[in-house]
Amino acid sequence: VLSVDEAQDIVLKNITTLEAEERPILDCLGQVLAADIRSTITIPPADNSGMDGFAVRAADIAGAGPQSPRILRVIGVIPAGSSFRPEVKPGTAARIMTGGVLPPGADAVVRFEDTDARQRPEDAAEVGILAAVAPGNEVRRAGGDIQAGSLVLAKGTLIRPAEVGVLASVGKPRVPVYRQPSVAVIATGDEIIDVNRPLPAGRIYNSNGYSVAALVRRYGGIPRRLGIARDNESTLAAKLRKARGVDMVITSGGVSQGDYDIVRRVLAQEGELIFWQVRARPGKPVVFGMLKGENKDGSPRRVPFLGLSGNPVSAMVNFQLFARPAIMNMMGRRNLHQPAVQAITDDEIENTDGRRFFARAVITKRDGRYSARLTGPQGSSLLTSMALANGLVVVPEETRLVKRGETVSVMMLDWNEGEPLPGERSQALSSTHPV
Ligand code: AMP
Ligand code: MG
C-alpha cells in the first residue's frame, strides 16, 4: 500500500497546469500570472513632494532654525495633479501639496510644520523657514517605485490584493492567468439523497457533494455538482460521460471492498485505475486514475479522477491530501504545501497500524505557543468534528504514541483561531496575540 507521499507524487505526475486566459484584474484574485508583466510607465512619473509644505532650494535655507528663520518669497501654489511649474529662483519658494510635481529650481521640500505658514494668511507673499534641510528632503523621486520597461510582476506570481493594486498602478486592466479548473463532483450511494428533498426513513443527505464542492471552490476550482449516482456501474458510467469536458472528476463513496463498491471497476472500464489505497487514517480507501475524456473539438484527453471514501471526514481529509495540490497545480501554483505549525498537544494520541494519522484538532495560541486539543472521538463518519477543527495533527506512520506535552506537527486547515463560543466575549483586536 502506498504512503501518502508516494500517492501525492503519483497524483501530481498526472496533473498539468492548465492554459492561460485573460481576465479583469479583480477577477484574478487567487490565480497565478501566466506572463511577465512589464511596466510601460514610470511611477511616480516625476519628482514630487512627499509632504504638504514648500518647495525650496536647500542652499537658500542653510542655517535656518526656529530662532533664525529664513524669509522666502512665495511664488505660487502647486496642488497634486497641477501642471503649474513656476521656477523657484534663489530667495523664493513654491507652496506645494503632497503629490505635487517639484517645480524647476527647487531641490527639497520643507513641511508646513517647519515653517511659520500657519501663522500667516494662506495667500501670504512670504514664508519663514524654521529648519534647514538637505537636498532631496521629502522629495519622492521619479521612478522610485517602478521604472518604465522594468519587470513588475513575474510569471508565476500569485495574485493577492497587493498584486491587483500593482497591476492597476501600471495601467493593466486585464492580465493573463492560468485557468481555474472545472471539477465535477459526484456522490455515489443508494442511500444518499439531495438536501432539497424530504428525508425518507433509512436514507441520509448528500453532505459530501456539498463539502467537496465547497473545498473545490475554497482552493480556486469551479465545482460542477453532478448529483448522485446509484450503486450500479451503469448510472455511474453515465454520470462520468456527462463529465467529459471537465478538468478533474471527484466522486465520493463506493471505494471500499463492500459488495456495491463499484468505483474502481467503473474507472478501469472508462479509463485507467492507478492506485486505490493509501496508508492514511482516515481515508485508506481512495482511488486515483485517469478517465478517457474529450476536448471541445472532440479530440481525446485524459482527465484526472479521484474517488474519495464516502465517510464524510475521510472524504474531506483525502481531498486535502490529493485534490487540493492537484487543483492548485492546475492553476499554476508552485507552493503546494499546506501551512503547518508546531504545537504542544494537550491530549495523548495513539496510532496503532502504521498509517499516517490525521487527527482533528483545535489549535489555539497560548502564551505565545500553539497548543493542540483533539476535537473528541475521531470516527471518520463524525462530520461535526471536522467543523470543530481548524487543523489536523499529523502523527507519522512509525509513531505509536504521542504523549501529552509533546510537540506535534499540525496541518492547518484554517488560520482562523476560532470564533468565541456562544456566551464568550469577543476579543478586542488590540488584545489578540500576534502570530
Ligand atoms: P462508502 O464509501 O460508499 O462505503 O460509504 C461509507 C459511508 O459514508 C457510508 O456510511 C455512507 O452512507 C456514507 N456516505 C457515502 N456517501 C455519502 C455522502 N455523499 N454524504 C454523506 N455520507 C455519505
Ligand atoms: Mg456507498
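Our subject is the structure listed above.
(A) Representation of the overall build of the protein. Counting its secondary structure elements, the protein contains 7 helices and 27 strands. For 435 residues, the compact-globule formula gives about 22 Å, and the C-alpha radius of gyration of the protein, at 31 Å, lies well above that figure. With the C-alpha coordinates of the protein rotated into their principal frame, the extents come out at 95 × 60 × 45 Å. By residue count, 46% of the 435 residues in the protein fall in the buried class. The contacts in the protein between residues at least 6 apart in sequence include a share of 70% that link residues at least 24 apart. Within the structure as shown, the protein displays about 21,500 Å² of accessible surface, and the carbon and sulfur contribution to it stands at 51%. Computing the positive centroid from 53 side-chain charges and the negative centroid from 47, the protein places the two 3 Å apart.

(B) Examining the nonpolar core more closely. Membership of the largest hydrophobic core comes to 39 residues, with the highest contact counts inside it found for Ile250, Leu306 and Phe319. For this core, the secondary-structure elements that each account for two or more residues are α1 (4–13), β12 (182–188), α3 (208–218), β16 (248–252), β19 (285–294), β20 (300–308) and α6 (312–330). Residue contacts for Leu306: discarding those within four places in its chain leaves Met248, Val249, Ile250, Thr251, Val286, Val287, Phe288, Phe322 and Ala323.

(C) Structural view of the pairing of strand β24 (residues 369–374). In terms of strand pairing, strand β21 (residues 340–345) meets β24 through 2 bridges, oriented parallel. Considered in β24, the bridge of Ile344 is made with Ser371. Here strand β23 (residues 356–366) pairs with β24 via 6 bridges, running antiparallel. Looking at the pairing, Ala361 lines up with Leu374 of β24. Where β23 folds back on β24, the antiparallel hairpin that results is connected by 2 residues, among which Asp367 adopts a positive phi of roughly 50°.

(D) Representation of the packing of helix α4 (residues 233–242) against helix α5 (residues 263–270). Between α4 and α5, the shortest axis-to-axis distance is 10 Å and the interhelical angle comes to 50°. If you check the angle between α4 and α5, you find them oblique. Seen from above, α4 lies across α5 with right-handed handedness. Between α4 and α5, the contacting residues are Glu233, Leu236, Ala237, Leu240 and Arg241 on the first element and Val263, Arg265, Val266, Gln269 and Glu270 on the second. Residue composition of the contact of α4 with α5, by class: 5 nonpolar, 1 polar and 4 charged.

(E) How the structure looks around a nonpolar patch on the surface. On the surface, a cluster of nonpolar side chains totalling about 250 Å² of accessible area is made up of Val195, Leu199 and Tyr205. Mapped onto the elements, Val195 comes out in the loop between β13 (192–193) and β14 (204–205).

(F) The arrangement of the sheet that holds strand β15 (residues 222–229) in detail. Spatially, 6 strands are ordered β15-β12-β16-β20-β19-β17 in an open sheet, and the strand pairing comes out mixed. At either end of the open sheet lies a strand with only one pairing partner, and these are β15 and β17 (271–277). Recorded for the sheet is a direction-independent mean angle of 20° between the axes of neighbouring strands. Sheet topology note: the β12/β16 ladder contains 5 bridges and is parallel. By the bridge assignment, Val183 is partnered in β16 with Met248. Docked against the sheet, α3 engages β12, β15, β16 and β20, running at close to 165° with respect to β15. Against the sheet, α4 contacts β12, β15, β16, β19 and β20, and its axis sits at roughly 160° relative to β15.

(G) Fine view of the site of ligand 1. Residues in contact with ligand 1 amount to 16 residues; listed here are only the nearest, Glu191, Asn206, Ser207, Gly254 and Gly310. With respect to ligand 1, the side chain of Glu191 contributes an N or O atom lying 2.6 Å from an oxygen atom. One of the backbone nitrogen or oxygen atoms of Gly310 is found 2.9 Å away from an oxygen atom of ligand 1. Relative to its unbound accessible area of 480 Å², ligand 1 is 78% covered by the protein chains. Secondary structure elements with two or more residues in the shell around ligand 1: β12 and β14. Of the residues in the shell around ligand 1, the class split is 5 nonpolar, 10 polar and 1 charged.

Criteria and thresholds
- Residues numbered from 1 in each chain as written.
- Chains lettered and ligands numbered in written order.
- Predicted model: local features only at pLDDT ≥ 70, side-chain atom pairs only at ≥ 80, totals over all residues.
- Heavy atoms only, no water.
- Helix = DSSP H or I, 4+ residues; strand = E, 2+ residues; numbered from the N terminus.
- Rg over C-alpha atoms; globule rule 2.2 N^0.38 Å.
- Buried < 20%, exposed > 50% of the residue type's maximum accessible area, 1.4 Å probe, protein only.
- Contact = heavy atoms within 4.5 Å.
- Areas by Shrake-Rupley, 256 points an atom, 1.4 Å probe, with all protein chains shown as cover.
- Lys, Arg positive; Asp, Glu negative; His and termini not counted.
- Charge placed at Lys NZ, Arg CZ, Asp CG, Glu CD.
- Core = buried A, V, L, I, M, F, W, Y, C linked by side-chain atoms within 4.5 Å.
- Pairing = 2+ DSSP bridges.
- Axes fitted to C-alpha atoms, helices over the stretch in contact; angles between N-to-C directions.
- Parallel < 35°, antiparallel > 145°, perpendicular 65-115°, else oblique.
- Left-handed = near helix turned anticlockwise from the far one by under 90°.
- Nonpolar A, V, L, I, M, F, W, Y, C, P; charged D, E, K, R; others polar.
- Patch = residues over 30% accessible without salt bridge, like charges linked within 9 Å, V, L, I, M, F, W, Y side chains within 5 Å.
- Salt bridge = Lys/Arg side-chain N within 4 Å of Asp/Glu carboxyl O.
- Near = heavy atom within 4 Å.
- Polar contact = N/O pair within 3.5 Å; in protein donor to acceptor, adjacent residues only side chain to side chain.

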